[in-house]
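# Architecture and fold: a report
Here is what each chain is made of, one letter per residue.
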Amino acid sequence: MKETLFKLTYGLFVLSARDGMKDNGCIINTVMQVTDTPLQIAVAINKNNYTLEMIEKSGVFNVSVLSEDVPFSVFERFGFKSGRNENKFSGFEYKQRSCNDVYYLTNYTNAYISAKVVNMIDCGTHMMIIGEVTQALTLSDKPSVTYDYYFKNIKPKPDAKKKGYVCKICGYVYEGDPLPEDFICPWCKHPASDFEPLQ
Ligand code: FE
């Protein structure tokens, strides 16, 4: 049943927020426009993400729409680490603040959208944020990167000789054997049961 839902299409985005002097961002794959008047978007984010805590406090966020020229290093920076332990924007030069004072990415993106929270829907593991768009700007004509494009063209292929496990949800590769039972995918936060051995 789960595999059937893999047929749904997704994009890839950096969701960013700010809490006082602290900036943070994470990779998400679910952003959609829900209404035109008022202009609203919906964002789904795993509750373990520090970025969500910041959005709950500040009530504002940015979505940077990643384009096909995005290198794997952007996913490593914003996707494989936690902003609780380090500043993910430190040393990253392609950033600017929009009207809400939150960073957006100026490169590897074709647009950014600033929004303020109007509703939050608790979905169990994830939170669905409904935001009203306060600013939106197109940055380039490059195509938006899809989840599928990322897997085929950006994510490095795992070394066939190495033993390890791959996350069926997001493609994160754990190198080593066995996979610890309490392992949590650092990117999508799914448990060890969603991993399968590398072929
Ligand atoms: Fe994962």
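Residues numbered from 1 in each chain as written. Predicted model: local features only at pLDDT ≥ 70, side-chain atom pairs only at ≥ 80, totals over all residues. Heavy atoms only, no water.

This part is about the overall build of the protein. A count of helices and strands for the protein gives three helices and 12 strands. For 199 residues, the compact-globule formula gives about 16 Å, and the C-alpha radius of gyration of the protein, at 17 Å, lands near that figure. Along the first, second and third principal axes, the C-alpha atoms of the protein reach 50 × 35 × 35 Å. The long-range fraction of contacts in the protein, counting pairs at least 24 apart against all pairs at least 6 apart in sequence, stands at 59%. For the protein, the exposed area adds up to about 10,700 Å²; of that, 52% sits on carbon and sulfur atoms. When the 22 basic and 23 acidic side-chain charges of the protein are each reduced to a single mean position, those positions are 3 Å apart. (Helix = DSSP H or I, 4+ residues; strand = E, 2+ residues; numbered from the N terminus. Rg over C-alpha atoms; globule rule 2.2 N^0.38 Å. Contact = heavy atoms within 4.5 Å. Areas by Shrake-Rupley, 256 points an atom, 1.4 Å probe, with all protein chains shown as cover. Lys, Arg positive; Asp, Glu negative; His and termini not counted. Charge placed at Lys NZ, Arg CZ, Asp CG, Glu CD.)

This paragraph deals with the coordination of the iron ion. Distances from the iron ion to its protein donors, C167 (SG), C170 (SG), C185 (SG) and C188 (SG), fall within 2.2 to 2.3 Å. Each donor residue of the iron ion belongs to the same chain, with the gaps between them written as C-x2-C-x14-C-x2-C. Of this pair, C170 sits in the loop between β10 (164–167) and β11 (173–175) while C185 sits in the loop between β11 and β12 (195–197), placing them 15 residues apart in sequence. For the residue pair C170 and C185, the accessibility class agrees, reading buried in each case. (Donors = N, O, S within 2.8 Å, 3.2 Å for Na, K, Ca; no water. Buried < 20%, exposed > 50% of the residue type's maximum accessible area, 1.4 Å probe, protein only.)

Our next topic: helix α1 (residues 50–58). The set of residues buried in α1 consists of Y50, T51, L52, M54 and I55. Two residues or fewer past α1, G59 is found with a positive phi of approximately 80°.

What follows is about the pattern of salt bridges. If charged atoms from side chains of opposite charge come close, those side chains can pair. All told, the structure shown has nine salt bridges when counted by the stated rule. Between K2 and D194 there is a salt bridge; the shortest N-O distance is 3.1 Å. In this pair, K2 sits in the segment before β1 (13–19) while D194 sits in the loop between β11 and β12, placing the two residues 192 residues apart along the sequence. A residue is classified by how much of its surface remains accessible, and K2, at 52% relative accessible area, is exposed. Here D194 falls in the buried class, since its relative accessible area comes to 8%. A salt bridge links D122 to K47; its shortest N-O distance comes to 2.7 Å. Remark: K47 occurs in the loop between β4 (40–46) and α1 and D122 occurs in strand β8 (residues 109–122); sequence separation between them is 75 residues. The class of D122 is exposed, set by a relative accessible area of 53%. You can call K47 partly exposed: its relative accessible area is 31%. (Salt bridge = Lys/Arg side-chain N within 4 Å of Asp/Glu carboxyl O.)

Along the polypeptide, D23 turns up in strand β2 (residues 22–28). D23 gets classed as buried once you look at its relative accessible area, which sits at 5%. Only 3.0 Å separates the side chain of D23 from the side chain of R97, close enough to count as a polar contact. When sequence neighbours within four positions are dropped, the list of residues in contact with D23 reads A17, R18, M54, N87, F89, R97 and Y103. (Polar contact = N/O pair within 3.5 Å; in protein donor to acceptor, adjacent residues only side chain to side chain.)

This part is about the pairing of β2. Of all seven residues in β2, six are buried; the element is thus mostly enclosed. As paired elements, β1 and β2 share seven bridges and run antiparallel to each other. Opposite R18, over in β2, you have D23 as the bridge partner. Hairpin connection of β1 to β2: two residues between the antiparallel strands, including G20 at a positive phi of 65°. (Pairing = 2+ DSSP bridges.)

Next up on the list: the sheet that holds β8. Ordered by their spatial adjacency, seven strands build an open sheet running β2-β1-β5-β8-β9-β4-β3, and the pairing between neighbours is antiparallel. Each end of this open sheet is capped by a strand with a single partner; those strands are β2 and β3 (31–35). If you compare each strand with its neighbour and ignore which way they point, the axes differ by 35° on average. In the sheet, strand β5 (residues 60–66) pairs with β8 via seven bridges, with the strands oriented antiparallel. When the bridges of β8 are listed, F61 appears paired with A115. Strands β1, β2 and β5 of the sheet are contacted by helix α2 (residues 72–79), whose axis makes an angle of about 120° with β2. (Axes fitted to C-alpha atoms, helices over the stretch in contact; angles between N-to-C directions.)

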